[in-house]
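# Chain and residue survey
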Amino acid sequence: MSDTTQTGPMLAADGTPLKRSLRRALRAQKMRALALIAPLLIFVLLTFIAPIVDMLFRSVENQIVGNTLPMTVEELRDWDAADTPDEQVFRALFFDLFLAAEAKEHTKLGSRLNYEESGISSLFRTSGRDVADIGEVFQDALEEIDPAFEEAQVWAEMMSGGAGAEANTRLLSNQIGRLEQLESSAFNGDIGFVPGAEISEILPNTARAYAAFAGFTYFVDGDVVAEEEPWEAVYAALAVDLEDPATATALASYSGPSADMLRAAAAAELPPIDMKAAMIDSNKDWARPNFWETIQTYSPPYTTGYFLNAVDMEKTPNGIALRSEDERIYGILFKRTMFMSLMITFSCVALGYPIAWLLANLPSRTSNLLMILVLLPFWTSLLVRTSAWKVMLQQQGVINDVLVWLGLVADESRLVMINNQFGTIVAMTHILLPFMILPMYSVMQTIPQTYLRAAKSLGATNWTAFWRVYFPQSVPGIGAGSILVFILAIGYYITPEIVGGTTGTFISNRIAYHISSSLNWGLAAALGTILLAVVLILYWAYDKIVGIDNVKLG
Amino acid sequence: MNGFTLTPVETKPLSFALPVIGAAGGFAGLFVGTAHGSGAMGIAIGAVALILLAYLALVVFGLGQEKVTRWGIFALFVITGFLLAALPGIVLGVLSGLFFSWFIFWIGEGRYRANLAPYLTSGQVLWHYTFRVICGAIFVFLITPILVVMPLSFNAQNFFTFTPEMLRFDPAGYSLKHYQDFFTSSGWQQALRNSLAIAPVATLLSVSFGTLAAIGLSSEHVPFRRAIMAILISPMIVPLIISAAGMYFFYSRIGLQGTYFGVVLAHAALGIPFVIITVTATLVGFDRSLTRAAANMGADPVTTFFRVQMPLILPGVISGGLFAFITSFDEVVVVLFVGSANQQTLPWRMFTGLREQISPTILAVATILVVISIALLTTLEYLRRRSERLRGMSPG
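Residues numbered from 1 in each chain as written. Chains lettered and ligands numbered in written order. Predicted model: local features only at pLDDT ≥ 70, side-chain atom pairs only at ≥ 80, totals over all residues.

Of regular secondary structure, chain A possesses 26 helices and 2 strands. A globule of 554 residues ought to have a C-alpha radius of gyration of about 24 Å, yet chain A, at 36 Å, is considerably larger. Viewed in the frame of its principal axes, chain A has a C-alpha envelope of about 115 × 100 × 40 Å. In chain A, which comprises 554 residues, the proportion classed as buried is 44%. Excluding contacts between residues fewer than 6 apart, the proportion of contacts in chain A whose partners are at least 24 apart in sequence is 72%. (Helix = DSSP H or I, 4+ residues; strand = E, 2+ residues; numbered from the N terminus. Rg over C-alpha atoms; globule rule 2.2 N^0.38 Å. Buried ≥ 20, exposed ≤ 12 C-beta atoms within 10 Å, placed from the backbone. Contact = placed C-beta atoms within 7 Å.)

Summing up its helical and strand segments, chain B has 15 helices and 0 strands in all. Relative to a compact globule of 396 residues, whose C-alpha radius of gyration would be 21 Å, chain B shows 30 Å and is clearly more extended. Each principal axis of the C-alpha atoms in chain B carries an extent, and together these give about 85 × 55 × 30 Å. Residues counted as buried form 41% of the 396 residues belonging to chain B. Relative to all contacts within chain B whose residues are 6 or more apart in sequence, the contacts with residues 24 or more apart total 71%.

Let's shift gears to the domain arrangement of chain B. Here chain B is partitioned into domain 1 (8-115) and domain 2 (185-390). On a C-alpha basis, the centroid separation for the pair domain 1 of chain B and domain 2 of chain B is 53 Å. (Domains from an automatic or database assignment.)

Our next topic: the interface of chain B and chain A. Each partner contributes residues to the interface: chain B has 80 residues there, and chain A has 78 residues. When residues in the side of chain B that touches chain A are grouped by element, the largest group, 14 residues, is from helix α4 (residues 122-152) of chain B. When grouped by side-chain class, the residues that make up the side of chain B that touches chain A number 65 nonpolar, 12 polar and 3 charged. (Nonpolar A, V, L, I, M, F, W, Y, C, P; charged D, E, K, R; others polar.)

A separate point is the nonpolar core. The biggest cluster of nonpolar side chains holds 161 residues, and the ones touching the most others in it are Leu-432 and Val-485 of chain A together with Ala-244, Ala-245, Val-334 and Val-338 of chain B. Among the elements that make up this core, the one with the highest residue count is helix α21 (residues 421-444) of chain A (15 residues). Those residues in contact with Val-485 of chain A that lie beyond four places of it in its chain are Ile-344, Thr-345, Cys-348, Leu-432, Phe-435 and Met-436 of chain A. By size, the runner-up hydrophobic cluster in this structure holds 72 residues, among which are Ile-64, Phe-95, Ile-120 and Ala-156 of chain A. (Core = buried A, V, L, I, M, F, W, Y, C linked by C-beta atoms within 7 Å.)

As a further point, take the domain arrangement of chain A. Looking at the assigned domains, one finds that chain A contains domain 1 (20-50), domain 2 (70-296) and domain 3 (330-550). On a C-alpha basis, the centres of domain 1 of chain A and domain 3 of chain A stand 38 Å from each other.

With that settled, the discussion passes to helix α10 (residues 260-284) of chain B. Residue and element names in this part refer to chain B. With 25 residues, α10 extends 36 Å between its outermost C-alpha atoms, agreeing within 8% with the 36 Å of an ideal straight helix rising 1.5 Å per residue. Along its length, α10 reaches its greatest deviation from straightness, about 35 degrees, at Gly-271, and the proline Pro-273 lies no more than four positions downstream. For α10, the tally of buried residues reaches 21 of 25 residues, placing the bulk of the element in the interior. (Expected span 1.5 Å × (residues − 1). Bend = angle between axes of the 7 residues up to and from the residue.)

Residue and element names in this part refer to chain A. End to end, helix α18 (residues 364-379) covers 21 Å across 16 residues, agreeing with the expected 22 Å (1.5 Å per residue, within 8%). Of all the bends in α18, the greatest, near 25 degrees, is centred on Leu-373, and the proline Pro-377 appears no more than four residues after it. Of all the positions in α18, only Val-374, Pro-377 and Trp-379 are classed as buried.

Turning our eyes to something else, we now look at unusual backbone geometry. Residue and element names in this part refer to chain A. In this model, Lys-104 sits at a positive phi of 55 degrees, which is unusual for a non-glycine residue. Relative to the assigned elements, Lys-104 resides in the loop between α4 (87-102) and α5 (106-114). For Ser-258, which is not a glycine, the phi torsion comes out positive at approximately 60 degrees. Note on placement: Ser-258 falls in the loop between α12 (245-252) and α13 (259-267).

Before going further, it helps to spend a moment on the packing of helix α19 (residues 382-393) of chain A against helix α14 (residues 346-356) of chain B. Here α19 of chain A crosses α14 of chain B at 15 degrees, and the two axes come no closer than 10 Å. One way to sum up the angle between α19 of chain A and α14 of chain B is to call them roughly parallel. In this structure, α19 of chain A meets α14 of chain B at a crossing whose hand is left-handed. Of α14 of chain B, the residues touching α19 of chain A (which contributes Leu-383, Thr-386, Ser-387 and Lys-390 of chain A) are Pro-347, Met-350, Phe-351 and Leu-354 of chain B. (Axes fitted to C-alpha atoms, helices over the stretch in contact; angles between N-to-C directions. Parallel < 35°, antiparallel > 145°, perpendicular 65-115°, else oblique. Left-handed = near helix turned anticlockwise from the far one by under 90°.)

Here we come to the confidence of the model for chain A. For any part of a model where pLDDT is low, the fine detail of the predicted coordinates should not be relied upon. Summing up the model confidence of chain A, the mean pLDDT is 86 and the portion of residues at 70 or higher is 97%. Ranking the elements of chain A by mean pLDDT puts strand β1 (residues 313-316) of chain A last with 79 and helix α17 (residues 330-361) of chain A first with 93. (pLDDT = per-residue confidence, 0-100.)

Per-residue pLDDT for chain B averages 85, and the proportion of residues at 70 or more is 96%. Both scores are available for the predicted complex, with the pTM at 0.82 and the ipTM at 0.86.

Two quantities define a packed helix pair, namely the angle between the helix axes and the distance between the axes. Residue and element names in this part refer to chain B. Where helix α8 (residues 225-237) contacts α10, the two axes come as close as 7 Å, and the packing angle between them is 115 degrees. Relative to α10, the crossing made by α8 is left-handed. Two secondary-structure elements touch here, α8 through Leu-232, Ile-233, Pro-235 and Met-236 and α10 through Ala-269, Leu-270, Ile-272, Pro-273 and Ile-276.

Residue and element names in this part refer to chain B. Following the sequence through the fold, Gly-64 ends up in the loop between α2 (39-61) and α3 (66-108). What makes Gly-64 exposed here is the crowd of 8 C-beta atoms within 10 Å. Separated by 161 residues in sequence, Gly-64 and Arg-225 have C-alpha atoms that sit 72 Å apart.

Along the chain, His-178 of chain B turns up in helix α6 (residues 177-184). Dropping the residues within four chain positions of it, His-178 of chain B is found in contact with Ser-153, Ser-359, Pro-360, Thr-361, Leu-363 and Ala-364 of chain B.

Residue and element names in this part refer to chain B. By secondary structure assignment, the location of His-267 is in helix α10. Between the alpha carbons of His-267 and Gly-42 there is a distance of 57 Å; along the sequence they are 225 residues apart. Beyond its immediate sequence surroundings of up to four residues, His-267 is in contact with Ile-198, Ala-202, Ser-328 and Glu-331.

See the structure below:
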């Protein structure tokens, strides 16, 4: 600071300007406070916030299609969705699927796409089995021409372009990168093979297929590249390359290893390449444009598909549309979750208000005793209370037994109070009631009883005195309790799972189902994200109304 | 209950007392009647019997012999109960006998007015007691489920419901076999061990990190205080199923899913908000000049913390720790996803047991847990009192 006022800056004892010395002390205090907070903040960020962010990411992530079928996705980009795609697309699909089948990733992709269009998973499963047979035709033909095509050593030498040839490291690292995405792990190291630059220019498909094979052999299978016979896909790729007349011309002046063998193969008659027919032969559903549409629609790395699914919509060629009537389940589920949470909140207000009033207006000795009756359920394990309600509400349970014993209900027509909405609402009202009573009680404690007496002495009736004087002052308590109960209710899982049956379950039960049973993690994440958004809005409202610092426990 | 009467008590006219007591008798008779086939008969007999009793008690014997009359009515109810329904009948007889021997005099002598302001109209008096009855019913709703679990855990059968033997108070209907099952079954014992291995470590983590951070947060000069607070409290606000889903996805990415360490970390994160809230609340009442005084007298920050600050905020730290412990000990959703079969905790086993409805061993475990939570509640209440006392003593 350049303080050049006439009187000069005020100085601290050590001669530094007071302002600066104060600021330094303040900064040191800030730093100390932050240093105390930092470990916990980092801990929470790593163990809690990161998982939540990961979930948000999963709700839009869709890299599996692009990672598993990169070439197909590329070819499909310009497809107009009018008819079955052309041969080029099917060739790309063949090579992609072959690699995916080797890595056993094609079924995962199948089940992923099956969420969007049912029936597609069997398509990938059957064709994944058949790709080897389709490629074998070309392997047999090439080995017929020259048995040396069978030799692993010959292939390795041929594709590396011989000793001292210029290397095409880019192709290799591209293919290894693709394998890394497919296997979702990192591959580093020298695989003992590099494709030659010249040969990969003459035979681009073969070089690509062989490089993928080489990387897979080394990293996944853990074998030596030069000792393994190439996949059928490599032979098919060679056939594709040789189909092009330009290849033969280029080969004529090629002098690398096995050049003669390649020239002989180029001159010979190879079986015609019709991947489209072969794939459709393997599974006739490949001819259906709507499956291809699904692949095309879900090819980008990020998708809104899960969110659309979570709100009962889907992507169609004509844009986004509602699903057909019988497939809409999440709208109903969200509405039901909302409705039941509201019912639980209202029941809690209705039951909690009298209790809070009583506790706030009784002499403190009595109210402390009664408070134990509120706190005991609050402190009792959630599962204990849930199992208690199961015991109470069952058809052979305590309530039904008492009703039958009293003769109010006939033995054969016992009430059905569990595995439906009623059961969930009753059990959860009981479980969440303390969360309503405690905030209401702390607000009501601050309302002087004399106000009511004053109102009555001024001529108000009991009801007017309560409604016009007491109730408005207790509204903050109702608000705080309601938001708290609603937030807790909307995300409940355990109790609805046990007493809810099929009609009394919440959105959280569906999320759990998608995580552990249907394995549709993306949809689970999207449903979770929507639920989280609702809760955060409520949390924000709670913070505005009550203030997070004012949350009290017990 | 206050020891003094607000309104002088006066004997009510019989034209008021007899119908009221008769109505109560009819109401009780309804249940006895339906249990024996005819509700209408029950109402009639109950009403007539009670009116007769009330007349005898209030007019024939009078106030002078109140004690004797009460015992008489009580004995009458117990004997009738025994004749109607044997042992369970005696229990009901004792309860209703106690109630009616008190109720007849309470109504007849107008004692219900004693604790109320004299100017209340009879409608207001009626509402006052109706309100009490409603509150009583809500308290019953709150506490019954927990009480019902306890006797059922001593069931000799493998049922989730009261057997006829239990209702007859036949000793053969009760047994400790479910407790024995809990203490001998390797599955339950493993679950108990897992719970006890996870909860204390998670508590330790959240208490140590949480206390430090709460002390940092209580300083006036923390930048972004609100944002930091929101992040630290968030594990309590975010629904458990979402936390569980996120942790499941993320922990399986980094190889923590299905490990002991992963469950401990997850539970520690869930317990942190409770520690933060309780310790910050305690620190509000903490007098900062004490630390300054300690520093003035030559104590270094660490000594100041352990010798001056810590003893004063200890109740808050311990109750935060108890909350964190209960959170972990009672938690099932997150462990269900983040843990594997090797980390099966008590609540997890109870949850799967409830879903598949295997045995009342769950109820035995539940009873044990209720007893534990009563113990914790008592500790917490004691700590709260102590903390208030300490705060009262601290200067300023």
